[in-house]
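# Summary of the model geometry
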Amino acid sequence: MTKSMTQHYLIFIIAPCGVANKMIKLAKLAGVSGATTFLAKGTVQKKWLELLEIADSRKEVIMMLADADLALTVLKQLDEKFKFDKPNHGIAYTIPVCQIIGSHVLPEHYVEKGVEKAMYQMITAIVDRGKAEEVMDAAKKAGSKGGTIIQARGSGIHETEKLFNMEISPEKEIVLIIAETDGVDAIVSAIRTDLQLDEPGKGIVFVQPIENAYGLYK
């Protein structure tokens, strides 16, 4: 199969609860084929001038795939409609996608892209349920302004337990933290140490560059 060399992006939006459907409707009108949404909560402390401008409240996380031109078009239209420049109106950004397999709408896709130093990066931590606040505590000690917590379930080999002779996958929490690139190493190191991530089954952290960001504040 011939692989498309067109750059694609994951459009990532953290929105106030109740507006995700409106955002998705606008994106579909612009040409996006579909979206995935999650319920989450924000963790930012209001007493600081925060990077994310997200207070403790319910959030909706939206993920959509699009090619580069469409992604930029959708972000601009969403920004015009939902005013990401205003506090607590949400944030939106794109993350470059290197490979797409299994999509019936987008072509099989693989791009080797040179490393560019982005202004912001997204730190993703996946930990056992109840550990998300510990992740945030560690991150804040290292300079993070806040993050977003998503409920999830794990299925790794170290995460299976038995209840009444039935195997279950314990619930997980996904913590999303956006930070300026220069501060990422300190935050990741603090999470790694405090959560003891070098031990099997304690969790995982990965970092992704952010591009085309709306609604981020220093």
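The structure contained in this document is the topic of the report that follows. (Residues numbered from 1 in each chain as written. Predicted model: local features only at pLDDT ≥ 70, side-chain atom pairs only at ≥ 80, totals over all residues. Heavy atoms only, no water.)

## Digging into the overall build of the protein
From N to C terminus, the protein includes four helices and twelve strands. Taking all 218 residues of the protein together, the buried fraction comes to 43%. Taking contacts inside the protein between residues at least 6 apart in sequence as the whole, the part at least 24 apart equals 76%. Entry remark: accessible area of the protein is about 12,200 Å², with carbon and sulfur atoms responsible for 52%. (Helix = DSSP H or I, 4+ residues; strand = E, 2+ residues; numbered from the N terminus. Buried < 20%, exposed > 50% of the residue type's maximum accessible area, 1.4 Å probe, protein only. Contact = heavy atoms within 4.5 Å. Areas by Shrake-Rupley, 256 points an atom, 1.4 Å probe, with all protein chains shown as cover.)

## Side note on the packing of aromatic side chains
For the structure shown, the criterion picks out one aromatic pair. Ring centres of phenylalanine 12 and tyrosine 93 lie 5.4 Å apart, and the angle between their planes is 5°; on these two criteria the pair is classed as stacked. You can see phenylalanine 12 sitting in strand β1 (residues 8–16) and its partner tyrosine 93 sitting in strand β4 (residues 91–97), a full 81 residues away along the chain. The pair formed by phenylalanine 12 and tyrosine 93 is uniform in burial state, with each residue classed as buried. (Phe/Tyr/Trp six-rings, centres within 6.5 Å; stacked < 30°, edge-to-face > 60°.)

## Quick notes on unusual backbone geometry
With the exception of glycine, the majority of residues adopt a negative phi angle, and the majority of peptide bonds are in the trans configuration. Notably, glutamine 196 is not glycine yet its phi reads approximately 55°, a positive angle. Looking at the element boundaries, glutamine 196 is found in the loop between α4 (181–194) and β12 (204–214). Overall, the relative accessible area of 41% leaves glutamine 196 in the partly exposed class.

## Some points on the nonpolar core
Grouped together as the largest cluster of nonpolar side chains are 23 residues, with contacts concentrated most on Ile11, Ile13, Met23, Leu78 and Phe84. When contributions to this core are tallied by element, the ones reaching two or more residues are β1, α1 (20–30), β3 (58–67) and α2 (68–82). Counting residues per element, this core draws most heavily on α2, at six residues. Apart from the residues lying within four places of it in its own chain, the contact partners of methionine 23 are Ile13, Ala15, Ile62, Leu78, Phe82 and Phe84. (Core = buried A, V, L, I, M, F, W, Y, C linked by side-chain atoms within 4.5 Å.)

## Structural notes on the pairing of strand β7 (residues 120–128)
A regular strand places its side chains so that they alternate between the two faces of the sheet. For β7, the tally of buried residues reaches seven of nine residues, placing the bulk of the element in the interior. Where β7 meets strand β11 (residues 171–180), nine bridges bridge the pair, whose relative direction is antiparallel. Bridging from a neighbouring strand, tyrosine 120 pairs with glutamate 180 of β11. Two elements, β7 and β12, share seven bridges in a ladder whose sense is antiparallel. Bridge pairing in β12 places isoleucine 126 opposite isoleucine 204. (Pairing = 2+ DSSP bridges.)

Structural measurements only, silent on function.
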